[in-house]
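Residue-level structural notes
Residue strings, one per chain:
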Amino acid sequence: MSRPNILLITSDQQHWTTLGVVNPEISTPNLDRLAAEGTRFTRAYCPNPTCTPTRASMITGQFPSQHGAWSLGTSLPESAPTVGDRLQGLGYRTALVGKAHFQPLASTERYRSLEAYPLLQDLAFWKRFHGPYYGFQHVELARNHTNESHVGQHYALWMEERGFTGWREHFLPPTGTMDPAAEFTWSIPEEFHYNAWIAERSNRLLDEYAAAEEPFFLWASFFDPHPPYLAPEPWDTMYDPDRLAIPEAASGEHERNPPHFRMTQLEDPDFGPPESGQITHGFHSHRRGEADRRKLVATYYGMVSLLDKYVGRILDRLEALGLADDTIVVFTTDHGHFFGQHGLQAKGPFHYEDLIRVPLVVRYPGRVPAGRVSDAIQSTADLTPTFLGFLGEPVPGFMTGVDQHAVWEGARPAARDHTLVEFHHQPTTLNLRTYVDDRYKITVYQGQEYGELFDLQEDPGELRNLWDAPEHAGLRSRLLLRCLWAELAKEPMWMPRIAIA
């Protein structure tokens with residue numbers, strides 16, 4: 001093939017250290033194999049640590065403040081040009097299997113959503129609908145994380161087609177009948193877990209592409225290890241909770257942080273009513289007992305290892321079909337996760353490395369060096385421009401991600417000296433930006449005089465917020481200026497200036 005295939009494999013809300021090649025406490029042999037055969041990037045960041053904004057950035061090459069899907073509960077405009085649109089014009093087949101989350105769970109007359117109730121569970125509709133959807137010619141979708149009641153779409157159809165008519169017993173009311181009090185162990189048989197569905201359907205598409213000898217862009221989009229913390233047997237007990245290192249907050253570390261950090265450590269914090277009427281993720285108590293914290297980490301690790309098994313099935317099929325040498329394989333996640341770090345759980349407006357840094361592994365035999373580890377700064381908003389770079393295609397001016405293909409190949413040490421991370425969960429009362437460079441990180445909040453400043457070289461654990469430190473006032477001023485420059489440089493330009501007027 002003259003042009004490479006592209007296989008994008010993503011997890012959901014995976015901490016960047018939960019790879020066996022990084023963390024000896026967890027087993028991920030297939031992801032470790034991918035890292036050994038490709039390059040692992042240790043300084044990769046998401047453009048927003050929530051699902052919809054970052055996932056939309058992956059396929060548009062823009063930051064959330066540019067493509068329009070600025071928060072959870074919003075949609076990526078259906079008019080937005082995507083990598084799938086671009087690749088179709090080059091003769092590629094495009095498909096997405098698994099989680100899209102480009103649109104919200106609710107739909108209105110003005111803002112319609114294909115991923116909303118009640119259409120979400122209209123199985124007759126999903127039996128006949130497979131796209132097009134945001135540049136993907138073929139989609140097979142689901143919206144539930146583990147046993148959530150949002151189950152439906154193509155995943156529910158797949159279970160029924162395989163004779164698993166009692167699937168509702170393994171999901172929460174009102175869709176199903178599973179006990180809401182059940183924790184850690186998911187009663188669903190592994191053969192009907194959505195990991196098995198995603199791998200099976202992705203492999204079926206690979207078979208079709210190989211038979212037709214057509215170039216493809218396939219996104220296999222997994223849901224784990226996003227909470228709720230549930231795994232089927234035997235993965236639920238794969239790790240002994242008492243033998244794992246469990247992260248926790250350092251004494252007094254939030255004393256110099258913005259007030260919402262300290263409030264998370266209270267038993268019953270009052271964050272006040274949300275400006276938009278919709279909740280702010282992370283604005284609740286993050287306190288949990290030690291036994292519970294240990295068990296949730298053990299389950300989270302089990303979910304990662306189960307995910308790894310089915311990633312391996314896709315990689316094995318790619319190799320068996322003779323496609324591996326002609327395919328760019330990228331593994332990453334949408335954003336990170338807290339499981340006790342800084343006393344926090346899950347996600348929210350807390351831009352520690354745990355939440356905004358993501359795993360990123362790239363394999364392309366003969367082009368991307370094998371066994372290499374790079375600390376070049378990456379953003380997952382760079383994925384689309386980088387794919388186009390590998391194809392020798394110009395990156396459109398409206399894309400503000402960076403073409404990293406020469407960095408992935410090892411021909412350049414870096415394509416970025418910084419990146420930006422956004423979080424915009426309420427229209428004006430919770431809107432923040434984080435600027436990260438090789439050494440420093442600074443976070444600013446709309447309308448607030450507080451913020452965060454960390455020296456990642458001297459304080460990699462981010463325990464000492466230097467924002468108000470008098471001796472670092474000059475550093476704060478310089479970084480604020482750099483952050484403003486970065487925002488200015490992020491302006492999209494759909495065309496060059498071609499005349500004096």
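As shown above, the structure is provided for reference.
Focus on the layout of surface pockets
What the largest pocket holds in volume is close to 930 Å³. Roughly 370 Å³ of internal volume is contained in the second largest pocket. In terms of lining residues, the second largest pocket is bounded by 19 residues, among which Phe271, Thr280, Phe283, Thr429 and Leu430 are the most central. Mapped by element, the contributors of at least two residues to the lining of the second largest pocket are helix H8 (259-263) and strand E15 (430-437). The greatest single-element share of the lining of the second largest pocket, amounting to 3 residues, is contributed by H8. Its residues assigned to classes, the lining of the second largest pocket comprises 10 nonpolar, 8 polar and 1 charged.

Regarding the state of the cysteines
Under the counting rule described, the total for this entry stands at 0 disulfides. Among the cysteines around Cys46, which has no disulfide bond, Cys51 carries the closest sulfur, lying 10 Å off. Judged by relative accessible area, which is 0%, Cys46 ranks as buried.

Some points on the sheet that holds strand E16 (residues 440-445)
One open sheet holds the 4 strands; their spatial order is E14-E15-E16-E17, and the pairing between them is antiparallel. Each edge of the open sheet carries a strand with a single partner, namely strand E14 (418-426) and strand E17 (451-455). Ignoring strand direction, the axes of neighbouring strands in this sheet form an average angle of 10°. Strand direction decides the pairing type here: E15 and E16, joined by 5 bridges, are antiparallel. Bridging from a neighbouring strand, Leu432 pairs with Tyr445 of E16.

What counts and how
Residues numbered from 1 in each chain as written. Predicted model: local features only at pLDDT ≥ 70, side-chain atom pairs only at ≥ 80, totals over all residues. Heavy atoms only, no water. 1 Å grid on protein atoms, 1.4 Å probe; cavity = no way out; pocket = protein on both sides within 12 Å on 5 of 7 lines; lining within 4 Å. Points joined across faces, edges and corners; volume = space filled by probe spheres on them. Helix = DSSP H or I, 4+ residues; strand = E, 2+ residues; numbered from the N terminus. Nonpolar A, V, L, I, M, F, W, Y, C, P; charged D, E, K, R; others polar. Disulfide = S-S within 2.5 Å. Buried < 20%, exposed > 50% of the residue type's maximum accessible area, 1.4 Å probe, protein only. Pairing = 2+ DSSP bridges. Axes fitted to C-alpha atoms, helices over the stretch in contact; angles between N-to-C directions.

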